[in-house]
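Observations on the model geometry
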Number of protein chains: 2
Amino acid sequence: MRGLMMDSQLLTTELLKHAARNYRHIEIVTRTVEGPIHRYTIGEAKRRIEKLADALVNMGVQPGDRVGVIGWNTYRQFEMYYAVGGIGAVLHTVNPRLGPENAGYVINHAEDKFLFFDNTFAPLVAALKPHVPCVKRFVAMTSREHAPAFPGELDIYDEIVERGRENFDWPEFDENTAVAMCYTSGTTGEPKGVVYSHRSVVIQSFAACLPTAMGLGEGDVLLPVVPMFHVNAWNAPYSAMLVGAKQVFPGPRLDGEGLYEMFEAEKVTFSSGVPTVWLNLLHYLEKTGKKLNYLKRGMCGGSALPEALIRGYAKYGVELQQGWGMTEMSPIGTVNVLPPNLRELPAEERIKHQVKQGRALPFVDMRIVSPEGKVLPHDGEQDGHLQVRGPCIIKDYYKREGKTLTTDGWFDTGDVALIDEDGFLQITDRSKDVIKTGGEWVSSIDIENAALLHPAVAQAGVIGVTHPKWQERPLLVVVKKEGAETSSEEVREFLKDKLDKIAWPDAVEFIQEMPLGATGKVLKTELRKMFGSYQLPE
Amino acid sequence: MRGLMMDSQLLTTELLKHAARNYRHIEIVTRTVEGPIHRYTIGEAKRRIEKLADALVNMGVQPGDRVGVIGWNTYRQFEMYYAVGGIGAVLHTVNPRLGPENAGYVINHAEDKFLFFDNTFAPLVAALKPHVPCVKRFVAMTSREHAPAFPGELDIYDEIVERGRENFDWPEFDENTAVAMCYTSGTTGEPKGVVYSHRSVVIQSFAACLPTAMGLGEGDVLLPVVPMFHVNAWNAPYSAMLVGAKQVFPGPRLDGEGLYEMFEAEKVTFSSGVPTVWLNLLHYLEKTGKKLNYLKRGMCGGSALPEALIRGYAKYGVELQQGWGMTEMSPIGTVNVLPPNLRELPAEERIKHQVKQGRALPFVDMRIVSPEGKVLPHDGEQDGHLQVRGPCIIKDYYKREGKTLTTDGWFDTGDVALIDEDGFLQITDRSKDVIKTGGEWVSSIDIENAALLHPAVAQAGVIGVTHPKWQERPLLVVVKKEGAETSSEEVREFLKDKLDKIAWPDAVEFIQEMPLGATGKVLKTELRKMFGSYQLPE
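Rules used throughout
- Residues numbered from 1 in each chain as written.
- Chains lettered and ligands numbered in written order.
- Predicted model: local features only at pLDDT ≥ 70, side-chain atom pairs only at ≥ 80, totals over all residues.
- Heavy atoms only, no water.
- Least-squares fit on C-alpha atoms with pLDDT ≥ 70 in both.
- Helix = DSSP H or I, 4+ residues; strand = E, 2+ residues; numbered from the N terminus.
- Contact = heavy atoms within 4.5 Å.
- Axes fitted to C-alpha atoms, helices over the stretch in contact; angles between N-to-C directions.
- Parallel < 35°, antiparallel > 145°, perpendicular 65-115°, else oblique.
- Left-handed = near helix turned anticlockwise from the far one by under 90°.
- Nonpolar A, V, L, I, M, F, W, Y, C, P; charged D, E, K, R; others polar.
- Phe/Tyr/Trp six-rings, centres within 6.5 Å; stacked < 30°, edge-to-face > 60°.
- Buried < 20%, exposed > 50% of the residue type's maximum accessible area, 1.4 Å probe, protein only.
- Lys NZ or Arg CZ within 6 Å of the ring centre and 35° of its normal.
- Domains from an automatic or database assignment.
- Salt bridge = Lys/Arg side-chain N within 4 Å of Asp/Glu carboxyl O.
- Pairing = 2+ DSSP bridges.
- Buried area = accessible area lost by both parts, 1.4 Å probe.
- Polar contact = N/O pair within 3.5 Å; in protein donor to acceptor, adjacent residues only side chain to side chain.
- Core = buried A, V, L, I, M, F, W, Y, C linked by side-chain atoms within 4.5 Å.

Details of the relation of the copies chain B and chain A
- Expressed as a screw transformation, the operator carrying chain B onto chain A has a rotation angle of 180 degrees and an axial translation of 0.0 Å, and the superposed copies differ by an RMSD of 0.0 Å. Here the transformation between the copies is reduced to the relation of a two-fold axis.

Now the structure itself:
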């Protein structure tokens, strides 16, 4: 028997309309690429978005067309999110950190017909132009007076918006229609395209705003440091509109000082970023002695949140919460919001729970599977391959042969993890980075985290290298802090009582610079190239 | 172009699984129909629900079958919510306040194959039995030792649960499958069946939990006074599980003292009920001098929230928030959570905003239409017919001929309302209760609210009666407070400066008892019968 409710669809346009009806005076503030601060309200944004939508249709953007964008977090890219998706086209956010070769690859693979870009990336796009024949029109996201140098025809974003008519009549269509796409960072092999639907974005927005996740509400001021060019800035431009949070876009200035200025000037209460961003801001605070007067909470994801960061921000009255997810998961899978009973623990006890990845959002189903394919209990002890399922999780990569899911329909995250009886996820390692030694698994992340506690260690990466007896043994690769001195033996001694005997690295090597991927993660593939034939000491 | 996300469905079973994974230790507490307090955890509830689901399947409950239930808010009815819906059957909650005739009508109309009931309603069900031949099995929701007297075969709920096996394998099916149904109270004509889907319930849960709506979270303790036998207790048993709120079910004791005891003993932070319930509790507090030590917020709906109640609870540190909705809307349409700028106003200013019905939940689209069918602006001035649209709103009544929606797909709520530029809805009246006088509309509710400010007035109902010159003029019908004295002229004088001249009632009549419908609303139809041929003074 069917329910008898309306067949209304979960479209992102409804988020825009909802926000404009209820929160029209709430501001959206941007540090522009051109320099000055730009501010307007949700009501004004909606009018511009409707003009942009109308103009895009008149430019020939058809439902299903891919529209590429390479830009910073600004109000213009925010407008693109709603206008492009709202007309049934697909916003393809291109990560400039992929490098020119991969950026060209993803634009061609997605067959972007239009390419919008910030002035910063004009040279990149100019260089790409001959290699992306699918692109019919290039648009600089600026005004005429700031138009960048560019070979050949170039449209100007603000002029396009001006050409549009107000009161655009938004089309209604199936919520499973694609709204946006984003490619994985491609640390192994070619980048792979993930295609989000209106439905997945709306469900993610609902789940992310719950008090048990981000807990955003009216009166909150959200500054997403995570880029709109990768996984929709963790869905921030959608989630914020659901609850009427003020949005602050930092543009290109992501250094500690630049962020600090925006945090204070706009009274930011909540922010989100990868550990490096939080670390830079913390260094800035420590160096200048400045305080955070408004920031209350932050979400940290992308890679494991170090204990030192949690403690560092606690001193400033900011609760840093770990989030875990993937491009393939829209992206939030878990958030570590402590339940009341753990929140009341003394700080030293509490932190043991805070370093975990947190609990799953509703409609994110997680399981742990042994190497033999057995589903393991959530007992907080047995770890295995982490697999996920749900309406915001990928079923197929864009135009890619081969199976994306397990035969019974789960997506294997590539992580090794355990889940405890209260639902807390703890990532042990990436499957491919786990060190298999004497029939057991050792987590490279555990060793890296322990190494980072050493005062002279700035960055650490651990790989397994071949060992005649144990198959593999861990090698720790370290970048020293500027001016700090230490030795291989000293670091090993430091780690001796911090790790299980089996995880104690057999050797420590120092390098000048850590190879990092497009989202700031240590490139283990590069470390393996560098140390592929490494001879462990006897 | 389609998104490439999994086709996972929004099923209520996922709410249950989510809660059991993350909140297994959170309690569900019931004042049972038998008397004692019953308490168990979400983890234990899930095990019983799975046993019940298995037992229902073995009893022959098929997907699509309607399972009737007449019961108080208890853990047993809570279990029914998840078990019946989870196996693809439909829980038909029957409102005992409909009276035997209507109760029999809805059971037959829904063709309930099974009927579950609390001991309180055993005599009602025994009397109904000969008239509901569709029901094949009757089940008393109790244990063997408390089995009520009943003519013929009777199953016992706790024995059924015991027969089920643990680890039930929940089926997966389309989210548009019916999960529950509820009939309107039938104040005019026969009750009409509203059929909720898994999808509508899940979307309503997400929307209701937002900080801009109920803002429920972990650590909250929710006591729904609104009955599970009508519109799913405003969705509480679903919403609470999404965020891990502790649930407290008051069973049959809904008087001020009974509720107060539960509020204090279980540290209830949030409750929901109709004005009468809140009024009774307030009287109890005033009479006994007791305080509310834990309650922070309450939602009041069903009919307009009187100013006096808001002020009354403010003294106890409780923020009473108005909600508006309908059986046909799953049911929440709006909640009055003040935005930060209004929250900061002095109490006397703030209350002008608090008496409005609030702002729409996301995916509740509202419009105001003039009697001529013109869509009116949301300017806070022009009122008209309130029409709604969205995924949680009815498209058809169950097995009923005739159009439910407007030709362009909106549901007419039967309310007259205005909406201001900030999205605040203000119900002026029911369309059919509006008094049409000299070409203008006068709100019967405005007159009633003004009359309720008179110290001798306990209840007030206003209807339009025929007038030779003005077509209609308002007649105010009053029930006096116990022991209070007043006169028709005194009440009219009292109202003189509180109403526009056009709304000043031409006459006041006193009656002993106000006719009320099954959900506690004044039955204007009955007032019209009583005063149909009323002669207004010249």
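Back to the text.
With respect to the environment of B:Thr466
Residue and element names in this part refer to chain B.
- Among the structural elements, Thr-466 can be located in strand β24 (residues 457-467).
- As a C-alpha pair, Thr-466 and Gly-532 span 66 residues in sequence and 8.7 Å in three-dimensional space.
- Aside from chain neighbours lying at most four places away, what touches Thr-466 is Gln-471 and Leu-536.

So, the packing of helix α11 (residues 275-288) of chain B against helix α12 (residues 307-314) of chain B
Residue and element names in this part refer to chain B.
- Across the interface, α11 lies against α12 with an axial gap of 11 Å and an inter-helix angle of 40 degrees. In terms of their interaxial angle, α11 and α12 are classed as oblique. Our pair here, α11 against α12, has a crossing hand that is left-handed. Contacts from Pro-275, Trp-278, Leu-279, Leu-281, Leu-282 and Leu-285 in α11 reach Leu-309, Gly-312 and Tyr-313 in α12.
- Each residue belonging to the contact of α11 with α12 can be placed in one class, and the counts come to 8 nonpolar, 1 polar and no charged.

What about the packing of aromatic side chains?
- In this structure the tally under the stated criterion is 31 aromatic pairs over all chains.
- For the pair B:Tyr40 and B:Tyr75, a centre-to-centre distance of 5.3 Å together with 70 degrees between the ring planes defines the contact as edge-to-face. Within this pair, whereas B:Tyr40 is found in strand β2 (residues 37-41), its partner B:Tyr75 is found in helix α3 (residues 75-86), the two being separated by 35 residues in sequence.
- B:Tyr40 gets classed as buried once you look at its relative accessible area, which sits at 6%.
- These aromatic residues form a ring-pair network of at least three members: A:Phe78, A:Tyr81, A:Tyr82, A:Tyr238 and A:Phe249.
- Sitting over the face of the ring of A:Phe510, A:Lys480 holds its NZ or CZ atom 4.6 Å from the ring centroid.
- If you follow A:Lys498 out to its NZ or CZ, it ends over the ring of A:Phe494, 3.9 Å from the centre.

Some points on the domain arrangement of chain A
- The domains assigned to chain A are domain 1 (12-252), domain 2 (361-430) and domain 3 (435-530).
- Using only C-alpha atoms to locate each centre, domain 1 of chain A and domain 3 of chain A end up separated by 39 Å.

Details of the pattern of salt bridges
Residue and element names in this part refer to chain A.
- Applying the stated rule across the entire model yields 90 salt bridges over all chains.
- In this structure, Lys-51 engages Glu-162 in a salt bridge whose closest nitrogen and oxygen atoms are separated by 3.3 Å. Note that Lys-51 is positioned in helix α2 (residues 42-59) and Glu-162 in helix α6 (residues 157-163), a separation of 111 residues in sequence.
- When its relative accessible area of 13% is taken as the criterion, Lys-51 is described as buried.
- Residue Glu-162 is classed as exposed on the basis of its relative accessible area, which comes to 52%.

Thoughts on the pairing of strand β15 (residues 332-335) of chain B
All names here are of chain B.
- In the sheet, strand β14 (residues 319-325) pairs with β15 via 3 bridges, with the strands oriented antiparallel. Each residue of the ladder has a partner; that of Trp-324, found in β15, is Thr-334.
- Joining the antiparallel neighbours β14 and β15 is a turn of 6 residues, in which Ser-330 adopts a positive phi near 80 degrees.
- Two elements, β15 and strand β16 (residues 359-360), share 2 bridges in a ladder whose sense is antiparallel. Residue pairing across strands places Val-335 opposite Arg-359, the latter belonging to β16.

Re the environment of A:Gln354
- Relative to the elements of secondary structure, A:Gln354 occurs in helix α14 (residues 347-354).
- By relative accessible area, A:Gln354 is classed as buried at 9%.

Here's the deal with the sheet that holds strand β8 (residues 178-183) of chain B
Residue and element names in this part refer to chain B.
- Read across the sheet, 7 strands follow the order β7-β6-β5-β3-β4-β8-β9 without closing on themselves; strand pairing throughout is mixed. Of all strands in the sheet, those with a lone pairing partner are β7 (155-156) and β9 (193-197), marking the two edges.
- With 5 bridges connecting them, β8 and β9 associate as antiparallel partners. Pairing of Ala-178 across the sheet is with Ser-197, part of β9.
- Sheet strands touched by α3: β3 (66-70), β4 (90-93), β5 (114-117) and β8. Its angle to β4, the strand with the most contacts, is close to 145 degrees.

Some details on the environment of A:Phe173
All names here are of chain A.
- With respect to the helices, strands and loops of the structure, Phe-173 is situated in the loop between α6 and β8 (178-183).
- When the C-alpha atoms of Phe-173 and His-198 are compared, they prove to be 9.8 Å apart, with 25 residues separating the residues in sequence.
- Once residues within four sequence positions are removed from consideration, Phe-173 is found in contact with Gln-9, Leu-11, Gly-85, Gly-86, Ile-87, Gly-88 and His-198.

Some remarks on the sheet that holds β8(A)
Residue and element names in this part refer to chain A.
- Strand order in the open sheet made by the 7 strands is β7-β6-β5-β3-β4-β8-β9, with mixed pairing throughout. Looking along the sheet, the strands with just one partner apiece sit at the ends: β7 (155-156) and β9 (193-197).
- The pairing of strand β4 (residues 90-93) with β8 spans 3 bridges and is parallel. Each bridged residue has a counterpart across the sheet, and for Thr-93 the counterpart in β8 is Cys-182.
- On the sheet, helix α4 (residues 99-110) packs against β3 (66-70), β4, β5 (114-117) and β8 and is oriented at approximately 150 degrees with respect to β8.

Comments concerning unusual backbone geometry
- Here A:Ser330 and A:Pro331 are connected by a cis peptide whose omega angle stands at -5 degrees.
- Structurally, A:Pro331 can be placed in the loop between β14 (319-325) and β15 (332-335).
- Backbone geometry places A:Val231, a non-glycine residue, at a positive phi of 50 degrees.
- A positive phi angle is found at B:Lys399, which is not glycine, with a value near 45 degrees.
- Position of B:Lys399 relative to the elements: it lies in the loop between β19 (384-389) and β20 (411-419).
- What makes B:Lys399 partly exposed here is its relative accessible area of 46%.

Focus: the interface of chain B and chain A
- Across the contact, 77 residues belong to chain B and 77 residues belong to chain A.
- Together, the buried faces of chain B and chain A total about 6100 Å²; carbon and sulfur atoms form 59% of this surface.
- Looking at the side of chain B facing chain A, the largest losses of area belong to B:Met1, B:Met5 and B:Met6, adding up to 16% of the total buried there.
- Connecting chain B to chain A are 16 salt bridges.
- Across the contact surface, chain B and chain A share 33 residue pairs in polar contact (both at pLDDT 80 or more).

A look at the nonpolar core
- The biggest cluster of nonpolar side chains holds 192 residues, and the ones touching the most others in it are A:Phe78, A:Met80, A:Phe116, B:Phe78, B:Met80 and B:Phe116.
- The contact partners of A:Phe78, leaving out residues within four places of it in the chain, are A:Ile28, A:Tyr40, A:Ala45, A:Ile49, A:Met228, A:Pro237, A:Met241, A:Gln247 and A:Phe249.
- By size, the runner-up hydrophobic cluster in this structure holds 60 residues, among which are A:Ile107, A:Met181, A:Met262 and A:Phe263.

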